[in-house]
Amino acid sequence: MHASVLVVSVFGGLQRRFVASGVGRWYYQRERNEQVIIACLAGVIGVSVLWLAVWKPVSDWRAVEDNRYRNAQSTLDWMQANEAAARTAAAQQRSSGAGSRALLPTITSAAQLHGLTLNRVQPESNGAVSVMLKGQAFDALLTWLGQLQSEHEVVVQRIAVDAEEQPGYVNAQVRLQ
């Protein structure tokens, strides 16, 4: 009972403030039919504002999060279903030695370290990689190949070097494995 008395007194105080305000005086000067229309319009506007400001954003957020959850669950299900095949493929690569090191990232990062520009990098079916370099410093090329061999155990299978017009610069085609 005490809570209902408190609610009535709060609403009574709000109504007295509304009647005393300029909007309240304007509202109560209207005819009864106009007051009903204005009250209905205020209710529609209030519900629209609540829907646009509260309900719609929460509903949209929930839909997005539900979609993210479903996508994550789908990915997890796929990963679990293909786990055995992935482990088998990884074991085969380890035993054959083809997958024991990532050759492309090793080649490109070492080239960047030595300031070389690789014009074409082409992986081959047997695990080798063909690289074409144009207009590169000969010393940098040799240093790069030496680092690949000594630090990363990359083997130079074939190399063709042609001189450039500018002294000390060459064009090269290298096959690495």
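Residues numbered from 1 in each chain as written. Predicted model: local features only at pLDDT ≥ 70, side-chain atom pairs only at ≥ 80, totals over all residues. Heavy atoms only, no water.

**Looking at the nonpolar core**
Working step 1: Membership of the largest hydrophobic core comes to 19 residues, with the highest contact counts inside it found for Ile-107, Val-131, Leu-133, Trp-144 and Leu-176.
Working step 2: The set of elements that each furnish at least two residues to this core consists of helix 4 (103-113), strand 2 (129-137), helix 5 (138-152) and strand 4 (169-176).
Working step 3: Aside from chain neighbours lying at most four places away, what touches Val-131 is Ile-107, Leu-118, Arg-120, Trp-144, Ala-172, Gln-173, Val-174 and Leu-176. (Core = buried A, V, L, I, M, F, W, Y, C linked by side-chain atoms within 4.5 Å. Buried < 20%, exposed > 50% of the residue type's maximum accessible area, 1.4 Å probe, protein only. Helix = DSSP H or I, 4+ residues; strand = E, 2+ residues; numbered from the N terminus. Contact = heavy atoms within 4.5 Å.)

**Regarding the confidence of the model for the protein chain**
Working step 1: Confidence in the prediction of the protein chain, expressed as mean pLDDT, is 89, and 94% of residues score 70 or more.
Working step 2: Element-level mean pLDDT values for the protein chain span from 82 in helix 1 (residues 2-20) up to 95 in strand 4. (pLDDT = per-residue confidence, 0-100.)

**Observations concerning the pairing of strand 3 (residues 156-163)**
Working step 1: Bridging between strand 3 and strand 4 involves seven bridges; their strand directions are antiparallel. Note on strand 4: the bridge partner recorded for Asp-162 is Asn-171.
Working step 2: Counted between consecutive antiparallel strands, the loop separating strand 3 from strand 4 contains five residues, among which Gly-168 sits at a positive phi close to 90 degrees. (Pairing = 2+ DSSP bridges.)

**Digging into the pattern of salt bridges**
Working step 1: Overall, the coordinates contain five salt bridges when judged by the stated rule.
Working step 2: Residue Asp-60 pairs with Lys-56 through a salt bridge whose shortest N-O separation is 3.0 Å. With Asp-60 and Lys-56 both in helix 3 (residues 32-96) and four residues apart, the pair spans about one turn of that helix.
Working step 3: By relative accessible area, which is 33% here, Lys-56 ends up partly exposed.
Working step 4: Here Glu-83 and Arg-87 are joined by a salt bridge, their closest N and O atoms 2.9 Å apart. Separated by four residues within a single helix, Glu-83 and Arg-87 lie in helix 3, roughly one turn from each other.
Working step 5: A relative accessible area of 37% means that Glu-83 is categorised as partly exposed. (Salt bridge = Lys/Arg side-chain N within 4 Å of Asp/Glu carboxyl O.)

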